[in-house]
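Listed below, chain by chain, are the residues.
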Amino acid sequence: MSFLGKEVRMNRLLSKRDGRYLGITVDHAMARGVMRGLDTIEDTLAKLVAGEPDALTMHKGLAEKCYAKHAGKIPLVVKCSTFSPYQPDLDTVVGDVEEAVRLGADAVSVGCIVCGDTQPAQVAALGKMAKDAASFGMPLVAHIYPRGNQIAKDCYYKAEYVMYAARLGAELGVDIVKTSYTGDPESFAKVVQACPAKVVVAGGSPGKDLEHYFQMAYDVVDAGAIGVTFGRFVFQYGDPASLIKAISSIIHGKNSVKEALDLLAYLENEKK
Ligand SMILES: O=C(CO)COP(=O)(O)O
Ligand SMILES: N[C@@H](CC=O)C(=O)O
């Protein structure tokens, strides 16, 4: 079997040629509700595209209805599963690789909540998606978090559980594992070391100051991850395009947190 297709798509996702990645997701509506920023999706997508992230993740219907005008500008990751506000520990498969191919996707992504009673079904679905993705030469991203009902909430960010979640993805053939940040680069370096797949982190709840997210971006790259996949705090920010450029300066430009904050202030000022 030729693996050229996967290499071509991976090169589009990692197009800056430094092996690093800044993804933005707008896959939250079915999982968490139609929150601010997603209720004005056309406008939000235009602003996100203007920031030139390495990829945008969304479900198939959104891609079909709202992404055509941006087609080919920013790589598309088609999210093929979702959890729901009513059952947040179960990601259900709602799309497949063939549909993603038809949409021109550069990767598919699947969620998988581990450490609970719903793990076996989700692991089986992820294993099947890995097989399908491989047969189409499609990179597979998995959003894997230890948030199941068999562990206490204070375990969700502990290195031991995050390591388990990340490793599970790698064992199943995932190319890019997206998981939770453990909170410090030393423990996260152990997660990365134990995971023979590329690793990125999610932003998590919005509402923290920008320095928190910038420091996270800086620290995870320092810990050996390839970057971040941020959602809510970016698309709910007043000027998402400038914010993406500032985060990109950390991921791709090796800027410090202070330099990135200064860049953001400069870019926002320019628009006044
Ligand atoms: O990738 C994500 C959701 O798919 C990350 O989103 P948040 O930054 O909102 O946690
Ligand atoms: N992928 C998201 C789903 C929606 O919120 C997440 O990981 O939380």
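Residues numbered from 1 in each chain as written. Chains lettered and ligands numbered in written order. Predicted model: local features only at pLDDT ≥ 70, side-chain atom pairs only at ≥ 80, totals over all residues. Heavy atoms only, no water.

A. Representation of the site of ligand 1 within the structure. Taken together, the neighbourhood of ligand 1 is formed by T25, D27, H28, H143, K178, A202, G203, G204, T229, F230, G231 and R232. Contact distances for ligand 1 include 2.5 Å between an oxygen atom and a side-chain N or O atom of K178. Broken down by class, the residue content of the shell around ligand 1 amounts to 2 nonpolar, 7 polar and 3 charged. (Near = heavy atom within 4 Å. Polar contact = N/O pair within 3.5 Å; in protein donor to acceptor, adjacent residues only side chain to side chain. Nonpolar A, V, L, I, M, F, W, Y, C, P; charged D, E, K, R; others polar.)

B. Layout of the site of ligand 2. Taken together, D27, H28, A31, R32, K79, F83, H143, Y145 and K178 make up all the residues around ligand 2. R32 has a polar side-chain atom sitting 2.7 Å from an oxygen atom of ligand 2. The separation between a nitrogen atom of ligand 2 and a polar side-chain atom of K79 is 3.4 Å. Out of a free accessible area of 250 Å², ligand 2 has 95% covered by protein chains. (Areas by Shrake-Rupley, 256 points an atom, 1.4 Å probe, with all protein chains shown as cover.)

C. Up close: the sheet that holds strand β8 (residues 176-179). Reading around the barrel, the 8 strands line up as β1-β2-β3-β6-β7-β8-β9-β10 and close back on themselves, with parallel pairing between neighbours. Each strand of the sheet is rotated relative to its neighbour by a mean of 30 degrees, with strand direction disregarded. Summarising the sheet, strand β9 (residues 198-202) and strand β10 (residues 227-230) pair through 3 bridges and their orientation is parallel. Each bridged residue has a counterpart across the sheet, and for V200 the counterpart in β10 is G227. Against the sheet, helix α6 (residues 119-136) touches β6 (107-114) and β7 (140-146), its axis set at about 160 degrees to β6. Docked against the sheet, helix α11 (residues 240-251) engages β1 (21-25) and β10, running at close to 150 degrees with respect to β1. (Pairing = 2+ DSSP bridges. Helix = DSSP H or I, 4+ residues; strand = E, 2+ residues; numbered from the N terminus. Axes fitted to C-alpha atoms, helices over the stretch in contact; angles between N-to-C directions. Contact = heavy atoms within 4.5 Å.)

D. Structural view of the side chain of H70. With respect to the helices and strands, the residue H70 is situated in the loop between α4 (60-66) and β3 (76-79). Overall, H70 belongs to the buried group, its relative accessible area being 7%. When near neighbours in sequence (up to four residues on either side) are disregarded, H70 contacts L45, A46 and V49. (Buried < 20%, exposed > 50% of the residue type's maximum accessible area, 1.4 Å probe, protein only.)

E. Representation of the pattern of salt bridges in the model. For the coordinates displayed, the defined rule picks out 12 salt bridges. In this structure, the salt-bridge partner of D175 is K6, at a minimum N-O distance of 2.9 Å. Pair noted here: D175 is in the loop between α7 (159-171) and β8 and K6 is in helix α1 (residues 4-13), with a separation of 169 residues, a long-range link. Of the residues examined, D175 reaches a relative accessible area of 14% and is grouped as buried. On the basis of relative accessible area, K6 is assigned to the partly exposed category, the value being 21%. (Salt bridge = Lys/Arg side-chain N within 4 Å of Asp/Glu carboxyl O.)

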